[in-house]
Amino acid sequence: MEGFRFLDFPVPDERGRFGPYGGRYVPETLIPALEELEAAYEEARRDPEFLATYRRYLKDYAGRPTPLYFAERLTEELGGAKVYLKREDLAHTGAHKINNTLGQALLARRMGKRRVIAETGAGQHGVSVATVAAMFGLEAVIYMGEEDVRRQALNVFRMELLGAKVVPVSSGTKTLKDATNEAIRDWVTNVRTTFYILGSVVGPHPYPRMVRDFQSVIGQEIKAALLEKEGREVPDAILACVGGGSNAIGAFAPFAYEEPRPRLIGVEAAGEGLDSGHHAASIAAGKRGVLHGSYMYLLQDEDGQIAPAHSVSAGLDYPGVGPEHSYLADLSTVEYAAVTDEEALEGFKLLSRTEGIIPALESAHAVAYAAKVVPAMDRDEIVVINISGRGDKDVAEVKRILEERS
Amino acid sequence: MSAVREAFERARSEGRRALIPYLTAGYPSPERFLDYALGLAEEADLFEVGLPFSDPLGDGPVIQRASERALAQGVRTKKVLELVERLSHKTDVPLLLMTYINPVLAYGKERFFRDFAEAGIKGVVLPDLPPDEDPEVARAAGEAELATVFLLAPTSTDRRIEVVTGYTTGFVYAVSVTGVTGARDRLPEEIGALVRRVKAKTELPVAIGFGISGEATARQAVEAGADGVVVGSALIRAIEAGEDPREVLRAVRRGATL
C-alpha cells in the first residue's frame with residue numbers, strides 16, 4: 001500500500017452536519033476562524049505536497065503502518081472467530097492520538113500559527129500535542145482538569161519535559177469537559193495567533209470531519225493488511241472503544257459507507273452500570289443536545305445541564321459522543337454496546353495474560369466486549385479489535401483498584 | 001416598536017446611552033438575586049437575566065463562579081421562570097434572558113420562548129448560537145414576540161455582520177474584545193471599527209458588552225458609537241466583595257451620559 005489517502009466520505013454536508021448532528025454552536029468570535037480553518041484544511045487535503053509530508057511523518061515519526069497482529073492465543077481462548085489486533089498501541093506516544101496531532105500540527109504550521117493549544121483528559125492527547133509541538137518547534141499550552149492533573153502526575157511531567165505548559169482547570173467537574181471549555185475560551189481570546197488542536201471527533205465543524213479523516217489511516221491500514229494476510233479487505237467485525245470516538249471512527253469510516261460492510265461495534269463505558277448514573281455511555285443512555293460546539297448525544301439532566309461522566313478509563317470519561325457516531329447510531333450502521341468498569345478490568349487482564357499486550361483501559365473495553373461476541377462467531381470469521389493505546393499509563397491505577405478489593 | 005427598541009429611544013431622549021446590567025439568576029441566592037436585580041433594574045433601561053449553564057464557554061471566571069453557585073443551589077429552568085415572573089411583577093424595565101442553547105433545546109424551543117414570554121421576558125440573548133446554525137430558534141423566539149439579540153465580535157467579517165443582523169430584531173450585542181466575559185480596565189481600540197462596520201449594515205441599535213467595568217470603559221464604548229452598554233462581571237464582582245453593585249452601575253451611567 002502506498003500509504004494514507006484523504007478519502008471522500010458522504011458526510012458531513014457543507015454545513016458540517018451528519019444528518020441532524022454536528023454544526024457550529026460557538027461564540028460568533030470563532031466563526032471566522034472556523035471558516036478559515038475549513039478553507040485551509042480543504043486546500044491542504046488537495047495538495048499532494050501536504051499529503052506527502054503527512055505520510056512521511058506517519059511513517060518515519062509515528063512508526064506507521066502499525067501491525068495487524070493475529071492474536072492466536074486469544075483466538076484459542078475465546079473459541080470463535082479469528083481475532084486480529086490493530087496495534088495502535090505501538091504508534092509513537094503509545095496511542096492512536098498521534099495520527100491526528102501530526103495532521104493538525106502540519107496544518108497549524110501551514111497556516112503560520114506558532115502557538116497551539118489543546119485539552120486533555122488523562123493526558124494522552126496532551127502528551128501527543130506536546131510531542132508534535134516539540135518536534136515542529138511550536139509553543140504548546142495544554143488545559144487539563146485539576147482532578148486529572150492529580151491523577152495523572154506522570155503525564156503532566158511528560159508534557160512539561162516536552163516543553164509544553166500545562167494549565168490546571170479548576171472549574172466545574174475539574175475534568176476533560178471543563179478542560180475543553182477552558183481551551184475554547186483560550187481560543188476565543190487568542191484566535192488570531194493560535195491553532196486549537198482538538199483531540200477527538202467532537203467540537204465545531206470542521207473538527208469532527210478533519211479528525212476523522214486523519215484517524216481514518218487506521219481503517220485504511222486494516223484493509224491493506226487484511227488483504228495481504230487473508231486475501232480480503234473486509235473482516236466480519238471490527239470493535240473499538242468509544243469516548244468522544246476518534247479511534248473508533250478512524251477504524252470504522254473506511255468501511256462504514258460501502259458494501260460489503262463488516263459488523264461495526266462501538267463500545268462505550270458503562271462505568272458502574274448504566275442504571276447507576278455513573279457511566280459515560282452517551283449513546284446508550286444519553287439525549288441529544290449541544291456541547292462544545294456540536295449537536296450530538298450527551299449525558300445531561302432534564303434541564304439540559306451537562307451531567308458528569310464516569311469511567312475507570314479517563315480517556316472515555318466524556319459526557320458526549322461525536323456527531324458522526326450519533327448519526328451512525330441512528331442509522332444502525334454501527335452497533336453501540338457498553339461494558340462496565342468491572343468488565344473492562346477483566347478485558348485488561350485477559351489481553352495481558354493471553355497475548356503479552358497490556359492494553360489501555362480504554363481499549364480494554366473493546367477487548368471485553370469482543371470476549372462476549374467472538375465465542376458465538378464461526379471459526380472462519382475474522383474479527384479486528386482496535387487496540388487504541390497501550391496500558392502502561394493505567395498499570396498503577398489498576399493495581400490500586402485490585403488491591404482495594406482484596 | 002418593541003419594548004426593547006423603545007428602551008434605547010428613551011435613554012437617548014434622556015441624553016444617555018442605554019444601561020443594560022446583567023446578573024446570573026439565583027446568584028448569590030434566589031432571594032438575594034431578586035433584591036439585587038430589582039435595585040439594579042430601577043436604575044437601568046433594560047435588565048439581563050442569565051439562566052445558568054453547566055458549561056458557559058463564553059464566560060470568564062466571574063460569571064462561571066456565579067453560574068456554578070446558582071446551579072449548586074438547584075437553580076434550573078423552572079426556578080429561573082419563577083424568578084423572572086416575580087421580578088417582572090415588580091419592575092417595568094424590559095427583561096432580557098441570556099442563556100446557552102442547550103437548556104433551550106432540552107426544554108423545547110417553542111415552549112421555552114412561550115413560557116419565558118409569559119413570565120415577562122421581552123428579548124433573548126444566545127451567546128453560543130450563530131443564528132443561521134438553527135434558524136428555527138430565531139423564528140420560535142419571534143413567534144413568542146421576543147426580540148432577538150445575537151453577538152458580533154471584532155473578528156466578524158462583513159458577511160457575518162449581514163447574516164447575523166438578518167436574524168436580529170432587538171439589538172446587536174457587540175463584543176468589545178476577542179475573548180470571554182470579564183471586567184477590564186480599558187476596551188481595545190478596535191471596538192470603534194466594529195461598531196462602524198455594523199452600523200453601515202443595519203439600523204439596529206448596537207450595545208457594547210464584555211469588559212465594561214465603570215465610567216471610563218462606558219465612556220470609551222459611547223465614544224466608539226454604542227447605543228447601549230452591558231455590564232455583568234463587574235456587578236457580580238461587587239456582590240462577591242460585599243459591595244453595592246449599584247455603585248458600579250452608577251459609574252457606568254456617568255460614562256454613558258453625554
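See the structure shown above.
Because the structure is a prediction, the values reported are computed rather than measured.

A separate point is the overall build of chain B. From N to C terminus, chain B includes twelve helices and eight strands. Computed over the C-alpha atoms, the radius of gyration of chain B is 16 Å, within 12% of the 18 Å expected from 2.2 N^0.38 for a compact globule of 258 residues. The buried share of chain B, reckoned over its 258 residues, is 66%. The contacts in chain B between residues at least 6 apart in sequence include a share of 72% that link residues at least 24 apart. About 9200 Å² of surface is accessible on chain B, with carbon and sulfur atoms providing 46% of the total. When the 32 basic and 38 acidic side-chain charges of chain B are each reduced to a single mean position, those positions are 2 Å apart.

Let us now look at the environment of Leu239(A). Residue and element names in this part refer to chain A. Relative to the assigned elements, Leu 239 resides in strand E9 (residues 237–241). Residue Leu 239 is classed as buried on the basis of its relative accessible area of 0%. For the pair formed by Leu 239 and Ala 251, sequence separation is twelve residues and the distance between their alpha carbons is 8.5 Å. Once you skip the residues sitting within four places of it in the chain, Leu 239 turns out to touch Ile 265, Val 267, Ala 366, Tyr 369, Ala 370, Val 373, Val 383, Val 384, Ile 385 and Asn 386.

One finds Leu23(B), Phe47(B), Phe113(B), Phe171(B) and Ile208(B) to be the most contacted residues of the largest nonpolar core, which totals 202 residues. Look past the residues within four positions of Ile208(B) in its chain and what remains in contact with it is Ala174(B), Ser176(B), Leu187(B), Ile191(B), Val195(B), Ala221(B), Ala224(B), Ala226(B), Gly228(B), Val229(B) and Val230(B). Within the second largest apolar cluster, 26 residues are counted, among which are Val83(A), Leu85(A), Ala366(A) and Val374(A).

With 41 residues of chain B at the interface, the matching set in chain A holds 37 residues. A per-residue breakdown of the area chain B buries against chain A is headed by Asp55(B), Leu57(B) and Glu133(B), which together make up 22% of the total. In this assembly, chain B and chain A are joined by seven salt bridges. In this structure, the salt-bridge partner of Glu190(B) is Arg192(A), at a minimum N-O distance of 3.5 Å.

Before going further, it helps to examine the pairing of strand E2 (residues 47–50) of chain B. Residues and elements named next belong to chain B. The alternating pattern of E2 places Phe 47 and Val 49 on one face and Glu 48 and Gly 50 on the opposite face, and all of these are buried. Bridging between strand E1 (residues 18–24) and E2 involves three bridges; their strand directions are parallel. Paired with Leu 23 across the two strands is Val 49, which belongs to E2. What joins E1 to E2 is helix H2 (residues 30–41), and the crossover it makes is right-handed. Sheet analysis places E2 next to strand E3 (residues 95–98), joined by four bridges and oriented parallel. Note that in E3 the partner of Glu 48 across the bridge is Leu 96.

So, on to the sheet that holds strand E8 (residues 228–231) of chain B. Residues and elements named next belong to chain B. A barrel is described by the order of its strands in space; here eight strands give the closed sequence E1-E2-E3-E4-E5-E6-E7-E8, paired in parallel fashion. Between one strand axis and the next, the sheet turns through 25° on average, direction left out of account. Seen against the sheet, helix H11 (residues 233–240) touches E1 and E8 and runs at an angle of roughly 50° to E1.

Residues and elements named next belong to chain A. With respect to topology, six strands assemble into an open sheet ordered E3-E4-E15-E9-E10-E14, the strand pairing being mixed. Looking at strand neighbours, the two that pair on one side only are strand E3 (68–70) and strand E14 (334–340), the edges of this open sheet. The mean inter-strand angle of the sheet, taken between neighbouring strand axes irrespective of direction, is 25°. By the bridge criterion, five bridges tie E9 to strand E10 (residues 263–271) in an arrangement that is parallel. If you follow Cys 241 over to E10, its bridge partner there is Val 267. Across the face of the sheet, helix H11 (residues 246–256) comes into contact with E9, E10, E14 and strand E15 (382–387) while running at roughly 155° to E9.

Our focus in this paragraph is the packing of helix H10 (residues 217–230) of chain A against H11(A). All names here are of chain A. One way to put it is that H10 packs onto H11 with a least axis distance of 6 Å and a crossing angle of 50°. Regarding the angle of H10 to H11, the classification is oblique. H10 and H11 meet at a crossing whose hand is right-handed. Contact with H10, carried on its side by Ile 218, Gly 219, Gln 220, Ile 222 and Lys 223, involves Asn 247, Gly 250, Ala 251, Pro 254 and Phe 255 of H11 and no other residues of that element. When the residues that make up the contact of H10 with H11 are grouped by side-chain class, the tally is five nonpolar, four polar and one charged.

It is worth spelling out the layout of surface pockets at this point. Residues and elements named next belong to chain A. Looking at the largest pocket, its volume works out to about 660 Å³. Counting residues per element, the lining of the largest pocket draws most heavily on helix H16 (residues 395–405), at six residues. Here the residues of the lining of the largest pocket sort into twelve nonpolar, six polar and 13 charged.

Right, let's get into helix H1 (residues 31–45) of chain A. Under the 1.5 Å per step criterion, the end-to-end length of H1(A) is 21 Å for 15 residues, consistent within 8% with the ideal 21 Å. Within H1(A), burial applies to Ile31(A), Pro32(A), Ala33(A), Leu34(A), Leu37(A), Ala40(A), Tyr41(A), Ala44(A) and Arg45(A). The elements touched by buried residues of H1(A) are helix H2 (48–60), helix H4 (97–110), helix H8 (176–190), strand E8 (194–196) and helix H9 (207–215) of chain A together with helix H8 (158–166) of chain B.

Evaluation of the coordinates by the stated rule reveals eight cavities of 30 Å³ or more. If you add up the space inside the largest cavity, you get close to 400 Å³. Lining the largest cavity are 32 residues, and of these His96(A), Lys97(A), Gly199(A), Gly315(A) and Leu316(A) lie nearest its centre. Elements represented by at least two residues in the lining of the largest cavity include exactly strand E5 (115–120), helix H5 (124–136), H8 and H11 of chain A. Split into classes, the residues belonging to the lining of the largest cavity amount to nine nonpolar, 18 polar and five charged. Mapped by element, the contributors of at least two residues to the lining of the second largest cavity are E8 and H11 of chain B.

Attention now moves to the pattern of salt bridges. Side-chain pairs of opposite charge can arise whenever the charged atoms involved come near each other. Within the structure shown, the criterion is met by 63 salt bridges over all chains. A salt bridge links Asp47(A) to Arg110(A); the shortest N-O distance between them is 2.9 Å. With Asp47(A) in the loop between H1 and H2 and Arg110(A) in helix H4, this pair connects stretches of sequence that are 63 residues apart. The shortest N-O distance in the salt bridge between Glu31(B) and Arg86(B) comes to 3.0 Å. Residue Glu31(B) is found in helix H2, and its partner Arg86(B) is found in helix H4 (residues 77–90); the two are separated by 55 residues along the sequence. Relative accessible area serves as the criterion here: at 44%, Glu31(B) is assigned to the partly exposed category. On the basis of relative accessible area, Arg86(B) is assigned to the partly exposed category, the value being 30%. Linked through salt bridges whose partners overlap, the residues forming this network are Asp8(A), Glu42(A), Arg45(A), Arg46(A), Arg209(A), Arg212(A), Asp213(A) and Glu324(A).

Before going further, it helps to spend a moment on the packing of H5(A) against helix H7 (residues 153–161) of chain A. Residue and element names in this part refer to chain A. Here H5 crosses H7 at 10°, and the two axes come no closer than 9 Å. Relative to H7, H5 is oriented roughly parallel. Note on element contacts: H7 touches H5 through Asn 155, Arg 158 and Met 159, opposite Gln 124, Gly 126, Val 127 and Ala 130. Looking at the contact of H5 with H7, its residues break down into three nonpolar, three polar and one charged.

What counts as what
Residues numbered from 1 in each chain as written. Chains lettered and ligands numbered in written order. Predicted model: local features only at pLDDT ≥ 70, side-chain atom pairs only at ≥ 80, totals over all residues. Heavy atoms only, no water. Helix = DSSP H or I, 4+ residues; strand = E, 2+ residues; numbered from the N terminus. Rg over C-alpha atoms; globule rule 2.2 N^0.38 Å. Buried < 20%, exposed > 50% of the residue type's maximum accessible area, 1.4 Å probe, protein only. Contact = heavy atoms within 4.5 Å. Areas by Shrake-Rupley, 256 points an atom, 1.4 Å probe, with all protein chains shown as cover. Lys, Arg positive; Asp, Glu negative; His and termini not counted. Charge placed at Lys NZ, Arg CZ, Asp CG, Glu CD. Core = buried A, V, L, I, M, F, W, Y, C linked by side-chain atoms within 4.5 Å. Buried area = accessible area lost by both parts, 1.4 Å probe. Salt bridge = Lys/Arg side-chain N within 4 Å of Asp/Glu carboxyl O. Pairing = 2+ DSSP bridges. Right-handed = clockwise from strand over helix to strand, strands pointing away. Axes fitted to C-alpha atoms, helices over the stretch in contact; angles between N-to-C directions. Parallel < 35°, antiparallel > 145°, perpendicular 65-115°, else oblique. Left-handed = near helix turned anticlockwise from the far one by under 90°. Nonpolar A, V, L, I, M, F, W, Y, C, P; charged D, E, K, R; others polar. 1 Å grid on protein atoms, 1.4 Å probe; cavity = no way out; pocket = protein on both sides within 12 Å on 5 of 7 lines; lining within 4 Å. Points joined across faces, edges and corners; volume = space filled by probe spheres on them. Expected span 1.5 Å × (residues − 1).

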